[in-house]
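Spelled out, the chains give:
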Amino acid sequence: MNVLRRPAAADFAVSAAFGALSFILLFVNYWIPPDKIFDEVYFARAAEEYLTRQYIYENTHPPVTKLLITLSTMLFGGMHGGDNAWGWRFLDVVFGALAVALLYLLARQMSGSRVFGAYAAGLFMFDGMHFVQSRIATPESFVVCFSLATLYGLYGFWNARLQEPALPPPTLERRLAGAGIATVLSAAIVALRFPHEILAAQIIAGLYALAGFYAVYRIWAEPRILHERSLRWLLVWAVSIALLVSSKWYGVMAFGVALAVFVWDRRKFRLDFVAAVVVFVTCTVYFAAYTPQFVGLRDLPQSAPRAYTLSDVVTMQYNAYEYHKNLRATHPYASQWWQWPLDLRPILYYANYGAAGKTSTAAMIYTLPNPLILWLGLLTVPLVGYWGVRERNRTFVLVVLTYAAQWLPWIGSPRIAFAYHFYVNIPLICICTAFTAQRLAARASESPRVQNWVRVGIAVYFASVAAAFAYFYPILAAVAIPTQAWLQRMWLKSWM
């Protein structure tokens, strides 16, 4: 694993440049079409419901991304100026640009190279799914940004702990004493504050208080924790994963990645302290996100004119789980997990046939991943995984493990799924491709002639990705083109 260095001013400058370029690319005509498309009928509607203090109809996902879309609407005047495509989608555009900037910093740290960090960020900037999902008021661009932040935080935390001297942990007696004190205090809080809650809510409240008290105790028992660089990275990771899980449930897959990391280097981590901090931060963010949903509702049922409680929030989680578990809907653009890395089934979000008054034109929005990125990823991701295992390269293993954890659990999903569920893995494919290009360049360095050819190949591939993005741009951005031109862009029959 590379030694984690504080990004230099030049790194922040490059990151900011990528963010600005990406923002400009995403911003142009992001308000077209002006009507709600695809799942905006749920998430943009949720912003309207928050602002008018109504019941939130979309209750099958946690609230953070809906709150961000509400904030986006408020930036343009709320219901009196922002209840439109400009308002709903703006923060998705911002977070899409932030994701590219963040990917540069992550790839820069992992590769140790500004060139190949920029290479990964540039590839991601020219991905079609990233472009489309960052211009629609749905959770996915927020989720990808939080996912990258979570990986960056975990990577930083892991590196920082490896660079810090190993310290003897507190004795078992002191840990048990801390756990006992925290348990007593937690039980007292539950008994005093939550006696009328359902059992599940009482258990959650107890675990939350237990985690908070135990974390404070561990800092009191081992005050040097406050002076360690790894604590800052732990907090970055904890907040990021809290926002990720509070956006969509499949963010819990990041916990599996972290567990694998902790098992790998278990002697370097204070696992009890880490668990306490992450549980406390995640619960704080998750349940706080529901607060705006219950403040000043106008349509409380007449049979229950009361304030909402923790039990109501817990019950909502069970109802949401039952919804996803029992969902047996069909959709013409639904797809299966194995189709996603093959780019076999993009989703048609919007279609306007006969645009501009001509029957021979069409304006489309397909959330289509750049096929040149995905198809090369079929080679570069397993190759990086092979190098990681063979060489015990922690960085390579972490990236590929995250890729697998965010993809393979969908094999067992009982509900309908779509290609955008694979969106979180596209930046990881870009990183793996950058790793592969970097290694090829390094191995070719012994022969100037071979090195020149390798450099040309790397540059040609990047240019091809950019050209493919430009070629598909009309069907990503609802640009009216002749029907024949649209058909030419349907490279595979399964895209139709």
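Just above, that's the structure.
Residues numbered from 1 in each chain as written. Predicted model: local features only at pLDDT ≥ 70, side-chain atom pairs only at ≥ 80, totals over all residues. Heavy atoms only, no water.

This brings us to the overall build of the protein. Scanning the protein for helices and strands turns up 19 helices and 3 strands. Looking at the 496 residues of the protein, the share that counts as buried comes to 54%. Considering only contacts in the protein between residues 6 or more positions apart, those separated by 24 or more positions represent 78%. Accessible surface for the protein amounts to roughly 21900 Å². Of this, 68% is attributable to carbon and sulfur atoms. Once the 39 positive and 24 negative side-chain charges of the protein are each reduced to a mean point, those two points are 8 Å apart. (Helix = DSSP H or I, 4+ residues; strand = E, 2+ residues; numbered from the N terminus. Buried < 20%, exposed > 50% of the residue type's maximum accessible area, 1.4 Å probe, protein only. Contact = heavy atoms within 4.5 Å. Areas by Shrake-Rupley, 256 points an atom, 1.4 Å probe, with all protein chains shown as cover. Lys, Arg positive; Asp, Glu negative; His and termini not counted. Charge placed at Lys NZ, Arg CZ, Asp CG, Glu CD.)

Across a regular strand the side chains alternate sides, sitting on one face of the sheet and then on the other. Across the 7 residues of strand 2 (residues 361-367), 7 count as buried, placing the element largely inside the fold. Burial along strand 2 is two-sided: the residues Thr-361, Ala-363, Ile-365 and Thr-367 and Ala-362, Met-364 and Tyr-366 are all buried. Two elements, strand 1 (residues 347-353) and strand 2, share 6 bridges in a ladder whose sense is antiparallel. Across the sheet, the residue bridging to Asn-352 is Ala-363, located in strand 2. Two strands pair when backbone bridges link them, and strand 2 and strand 3 (residues 481-482) are joined in this way by 2 bridges, in the antiparallel orientation. Each bridged residue has a counterpart across the sheet, and for Ala-362 the counterpart in strand 3 is Ile-481. (Pairing = 2+ DSSP bridges.)

For the structure shown, the criterion picks out 15 salt bridges. The salt bridge involving Arg-89 is made with Glu-40; its shortest N-O contact spans 2.7 Å. A residue pair is termed long-range when its members are at least 10 positions apart, and Arg-89 in helix 4 (residues 85-111) and Glu-40 in helix 2 (residues 40-51) qualify at 49 residues. Comparing Arg-89 with Glu-40, the two get one shared label, buried. Where Glu-222 meets Arg-270, a salt bridge forms, and the shortest distance between an N and an O atom there is 3.0 Å. Of this pair, Glu-222 sits in the loop between helix 9 (199-221) and helix 10 (229-245) while Arg-270 sits in the loop between helix 11 (253-264) and helix 12 (271-288); the two residues are 48 residues apart in sequence, bridging distant segments of the chain. The buried category is assigned to Glu-222, whose relative accessible area is 4%. (Salt bridge = Lys/Arg side-chain N within 4 Å of Asp/Glu carboxyl O.)

A few words now on the environment of Trp-387. Summarising the element assignment, Trp-387 is placed in helix 15 (residues 371-391). For Trp-387, a relative accessible area of 6% translates into the label buried. Here Trp-387 is in contact with Arg-392, Phe-396, Thr-436, Arg-439 and Arg-443, once residues within four sequence places are set aside.

The next point concerns a nonpolar patch on the surface. There is a patch of nonpolar side chains on the surface, built from Trp-338, Leu-342, Trp-375, Leu-378 and Trp-491 and spanning about 450 Å² of accessible area. Looking at the secondary structure, you find Trp-338 in the loop between helix 14 (310-326) and strand 1. (Patch = residues over 30% accessible without salt bridge, like charges linked within 9 Å, V, L, I, M, F, W, Y side chains within 5 Å.)

Glancing now at the sheet that holds strand 1. Read from one edge to the other, the open sheet built from 3 strands follows the order 1-2-3, with strand pairing classed as antiparallel. Only two strands of the sheet have a single partner each, and these edge strands are strand 1 and strand 3. Contacting strand 2 and strand 3, helix 18 (residues 448-476) crosses the sheet at an angle of about 105° to strand 2. (Axes fitted to C-alpha atoms, helices over the stretch in contact; angles between N-to-C directions.)

In this model helix 3 (residues 64-75) runs 17 Å from its N-terminal to its C-terminal C-alpha over 12 residues, within 8% of the 16 Å that 1.5 Å per residue would give. Residue Gly-77 follows helix 3 closely and has a positive phi angle near 110°. (Expected span 1.5 Å × (residues − 1).)

Looking now at the packing of aromatic side chains. The tally for this structure, following the rule as stated, stands at 52 aromatic pairs. With a centroid separation of 5.5 Å and an interplanar angle of 65°, the aromatic rings of Tyr-250 and Trp-410 are classed as edge-to-face. Placement of Tyr-250 in the loop between helix 10 and helix 11 and of Trp-410 in the loop between helix 16 (394-407) and helix 17 (426-443) is noted, with a sequence separation of 160 residues between them. Summarising the burial analysis for this pair, Tyr-250 and Trp-410 share the class buried. Three or more aromatic residues link up through ring pairs in this structure, and these residues are Phe-23, Phe-27, Tyr-30, Trp-31, Phe-76, Trp-86 and Phe-90. Just above the ring of Tyr-57 sits the side chain of Arg-45; from NZ or CZ to the centre is 4.2 Å. Stacked on the ring of Tyr-471, the Lys or Arg Arg-489 has its end atom at 4.3 Å from the ring centre. (Phe/Tyr/Trp six-rings, centres within 6.5 Å; stacked < 30°, edge-to-face > 60°. Lys NZ or Arg CZ within 6 Å of the ring centre and 35° of its normal.)

What follows deals with the packing of helix 15 against helix 18. It is at 8 Å that the axes of helix 15 and helix 18 come closest, and there the two elements cross at 135°. In terms of their interaxial angle, helix 15 and helix 18 are classed as oblique. Where helix 15 approaches helix 18, its residues Pro-371, Leu-372, Ile-373 and Leu-376 are matched on the opposing element by Tyr-461, Ser-464, Val-465, Ala-468 and Phe-472. The class makeup of the residues in the contact of helix 15 with helix 18 is 8 nonpolar, 1 polar and no charged. (Parallel < 35°, antiparallel > 145°, perpendicular 65-115°, else oblique. Nonpolar A, V, L, I, M, F, W, Y, C, P; charged D, E, K, R; others polar.)

The next point concerns the side chain of Asn-370. Following the sequence through the fold, Asn-370 ends up in the loop between strand 2 and helix 15. Residue class for Asn-370 comes out buried when judged on its relative accessible area of 2%. In this structure the side chain of Asn-370 is engaged in a polar contact, spanning 3.1 Å, whose partner is the backbone nitrogen of Leu-372. Beyond its immediate chain neighbours, meaning those up to four positions away, Asn-370 contacts Phe-126, Asp-127, Gly-128, Asp-343, Val-465, Ala-468 and Phe-469. (Polar contact = N/O pair within 3.5 Å; in protein donor to acceptor, adjacent residues only side chain to side chain.)

Here the focus is helix 15. Given a rise of 1.5 Å per residue, 21 residues ought to cover 30 Å, and the 30 Å separating the end C-alpha atoms of helix 15 matches this to within 8%. Maximal helix bending in helix 15 amounts to about 45°, located at Gly-377. Among the residues of helix 15, those classed as buried are Pro-371, Ile-373, Leu-374, Gly-377, Thr-380, Val-381, Val-384, Gly-385, Trp-387 and Gly-388. Residues of helix 15 that are buried in the fold lie against helix 5 (114-125), helix 16, helix 17 and helix 18. The N-cap of helix 15, judged by a side-chain oxygen 3.1 Å from the amide nitrogen of Leu-372 a few residues on, is Asn-370. At the C-terminal side of helix 15, Arg-392 shows a positive phi close to 50°. (Bend = angle between axes of the 7 residues up to and from the residue.)

Our focus in this paragraph is unusual backbone geometry. With an omega of 0°, the peptide bond running from Ile-32 to Pro-33 counts as cis. Turning to its location among the elements, Pro-33 is positioned in the loop between helix 1 (9-27) and helix 2. Despite not being glycine, Asp-343 shows a phi value in the positive range, around 60°. Examined against the element boundaries, Asp-343 turns out to sit in the loop between helix 14 and strand 1. Residue class for Asp-343 comes out buried when judged on its relative accessible area of 2%. Positive phi values are uncommon outside glycine, yet Ala-478 reaches one of about 60°. Here Ala-478 lies in the loop between helix 18 and strand 3.

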